[in-house]
Every structure is written in structure tokens, then in C-alpha cells.
Amino acid sequence: TFSIQKKSLNNQIIKAIPNEAFEWKAGVRKLFFFISTIWLLGILLSWFEASVPLAIFILAISVFSFYDWGESIPMLLHSKETPRRFLLRKILIAQSLFSLIMLPLFLAFILFNPSLWFIPLVEFVLFSSVLTYIILLKYSFYRPNKKLVAGQIFSAIGSLSVLVPFLIPLVWILTIRFYFK
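What comes next concerns the included structure. (Residues numbered from 1 in each chain as written. Predicted model: local features only at pLDDT ≥ 70, side-chain atom pairs only at ≥ 80, totals over all residues. Heavy atoms only, no water.)

Looking at a nonpolar patch on the surface
And step 1. On the surface, Leu40, Leu41, Leu44, Leu45, Trp47, Phe48, Leu111 and Phe112 cluster together into a nonpolar patch covering about 850 Å² of accessible area.
And step 2. Those elements that provide at least two residues to the nonpolar patch are helix H2 (22-44) and helix H5 (83-112).
And step 3. Residue contributions to the nonpolar patch peak at three residues, all from H2.
And step 4. Inspection of the secondary structure assignment puts Leu41 in helix H2. (Patch = residues over 30% accessible without salt bridge, like charges linked within 9 Å, V, L, I, M, F, W, Y side chains within 5 Å. Areas by Shrake-Rupley, 256 points an atom, 1.4 Å probe, with all protein chains shown as cover. Salt bridge = Lys/Arg side-chain N within 4 Å of Asp/Glu carboxyl O. Helix = DSSP H or I, 4+ residues; strand = E, 2+ residues; numbered from the N terminus.)

Structure follows, in C-alpha cells:
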């Protein structure tokens, strides 16, 4: 018997993602070509002022979709950590992966548009806070093996807060509330 094993860059990238970030593994597996195309276009067109902020926006919204489903209870209990440590670890890993994706975009933008360095920085800070909000939202409305329907309205508020600045304080307040919930 002879079998050809399929190897791709997608497999190598997924192997590099920590197992604890299974949402990222599933999301990257599902959206790999879309994410890589947007990221690459952002880098290649970084001389154009709107390309990187738009790429960051699209990538961040894509990452938020990684947290739409609740994992099974055995996966949740597998870490054997306290809820506080579990949440902090989830947030830390997600922020690290998010930063790793955004850093090359940020640096390419600064290279070609040094006077506008603050635009991707502000966008990154806002999306990082929304990412934390989305993670805490997921576990506030957690249902095993189900799409988090109850959290979709709150998720939309989080995503809209980047476009509608007066919603940002609401997101920060809800982040604190969801952390304790």
C-alpha cells in the first residue's frame, strides 16, 4: 500500500499554534486562505495609507468569529486550572497570537507612512480590548457544543465599538462584568 500524505504550509502553521488555542486552530484551518490573502495584501499594499488599517479591521473581525462556538465540557476541564487562571491564560494566548499576526502589518505601515504611526496602533489597542471582551463574552454565555447565540448581540456591540467610539466605554464596562460572571 502506498499513500501520499498531504503536507502544506497550512498544516505547519496550525501545528505552531498552541493546543490550548483550539479556537485559533479551527479558525485558521477554516479561514486560512482568506486570512493569508488579506494579510499578504495588507503587507504588499502597505504604501497605500488605507490598506493596513483595513487589513487589520478585516483580520480582527475574522479572529472574533473564532469564538462563536462553545467547546465540550471535557475540553474546558482539561486544563485543570481555576476559572480565573483559565480565563487569563486564554486571553494571554489569544493576545499573543493576535499580536504576532498584526506586528508585521504594523511595521510595514510605519515603514511607508511614519507620520501616521498612531493609526494602526490605536486600531490594534481597540481590537485587542474587543478580543478580550469577546473571549470573556464566550465564557459568560458558555453552552457546551453550541453556537453562542445569546452572545451574538454583545459580540456585534464589541465589533461596532471600533466604528462607533462612544460604545468603547460600554465594551470596557461589559468586559469587567463578564470577567466576574
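On we go.
Some points on the environment of Phe32
And step 1. Mapped onto the elements, Phe32 comes out in helix H2.
And step 2. By relative accessible area, which is 12% here, Phe32 ends up buried.
And step 3. The spatial distance from the C-alpha of Phe32 to the C-alpha of Ile13 is 9.4 Å, given a sequence separation of 19 residues. (Buried < 20%, exposed > 50% of the residue type's maximum accessible area, 1.4 Å probe, protein only.)

Re H5
And step 1. For H5, with 30 residues, the first-to-last C-alpha span of 44 Å sits near the 44 Å given by 1.5 Å per residue.
And step 2. Of all the bends found along H5, the most pronounced is centred on Met102 and spans about 35°, while Pro104, a proline, follows it within four residues. (Expected span 1.5 Å × (residues − 1). Bend = angle between axes of the 7 residues up to and from the residue.)

Section: the nonpolar core
And step 1. Membership of the largest hydrophobic core comes to 44 residues, with the highest contact counts inside it found for Trp24, Tyr67, Phe98 and Leu131.
And step 2. Contributing elements (two or more residues each) for this core: H2, helix H3 (51-64), H5, helix H6 (118-140) and helix H8 (168-180).
And step 3. Contacts of Phe98, omitting those with residues within four sequence positions, involve Trp24, Ala60, Val63, Phe124, Phe127, Ser128 and Leu131. (Core = buried A, V, L, I, M, F, W, Y, C linked by side-chain atoms within 4.5 Å. Contact = heavy atoms within 4.5 Å.)

Overview of the packing of H3 against H5
When two helices pack together, their arrangement is captured by the angle between the axes and the distance separating the axes.
And step 1. Contact geometry of H3 with H5 gives a least axis separation of 10 Å together with a crossing angle of 170°. Viewed along their axes, H3 and H5 adopt a mutual orientation that is roughly antiparallel. Contacts between H3 and H5 involve Val52, Pro53, Ala55, Ile56, Leu59, Ala60 and Val63 from the first element and Phe98, Ile101, Met102, Leu105 and Phe109 from the second.
And step 2. Partitioned by chemical class, the residues of the contact of H3 with H5 number twelve nonpolar, no polar and no charged. (Axes fitted to C-alpha atoms, helices over the stretch in contact; angles between N-to-C directions. Parallel < 35°, antiparallel > 145°, perpendicular 65-115°, else oblique. Nonpolar A, V, L, I, M, F, W, Y, C, P; charged D, E, K, R; others polar.)

Digging into the side chain of Lys25
And step 1. With respect to the secondary-structure elements, Lys25 resides in helix H2.
And step 2. Look at Lys25: it is buried, it has no salt bridge, and the nearest opposite charge is Glu20 at 10 Å.
And step 3. Side-chain polar atoms of Lys25 contact the backbone oxygen of Ile14, separated by 2.9 Å.
And step 4. In contact with Lys25, other than residues within four places in its own chain, are Ile14, Lys15, Ile17, Pro18 and Asn19. (Lys, Arg positive; Asp, Glu negative; His and termini not counted. Polar contact = N/O pair within 3.5 Å; in protein donor to acceptor, adjacent residues only side chain to side chain.)

Quick look at the pattern of salt bridges
And step 1. Counted under the stated rule, the structure contains four salt bridges.
And step 2. Among the ionic pairs, Lys147 bridges to Asp68, the shortest N-O distance being 3.7 Å. Pair noted here: Lys147 is in the loop between H6 and helix H7 (152-160) and Asp68 is in the loop between H3 and helix H4 (73-77), with a separation of 79 residues, a long-range link.
And step 3. Linked by salt bridges that have partners in common, Glu23, Lys90 and Lys138 make up one network.

Things to note about the packing of aromatic side chains
And step 1. One pass over the full model with this rule turns up twelve aromatic pairs.
And step 2. Ring centres of Tyr139 and Tyr142 lie 6.3 Å apart, and the angle between their planes is 25°; this geometry places the pair in the stacked category. Of the two residues, Tyr139 and Tyr142, both sit in the buried class.
And step 3. Ring centres 5.1 Å apart and planes at 80° place the aromatic pair Tyr179 and Phe180 in the edge-to-face group. (Phe/Tyr/Trp six-rings, centres within 6.5 Å; stacked < 30°, edge-to-face > 60°.)

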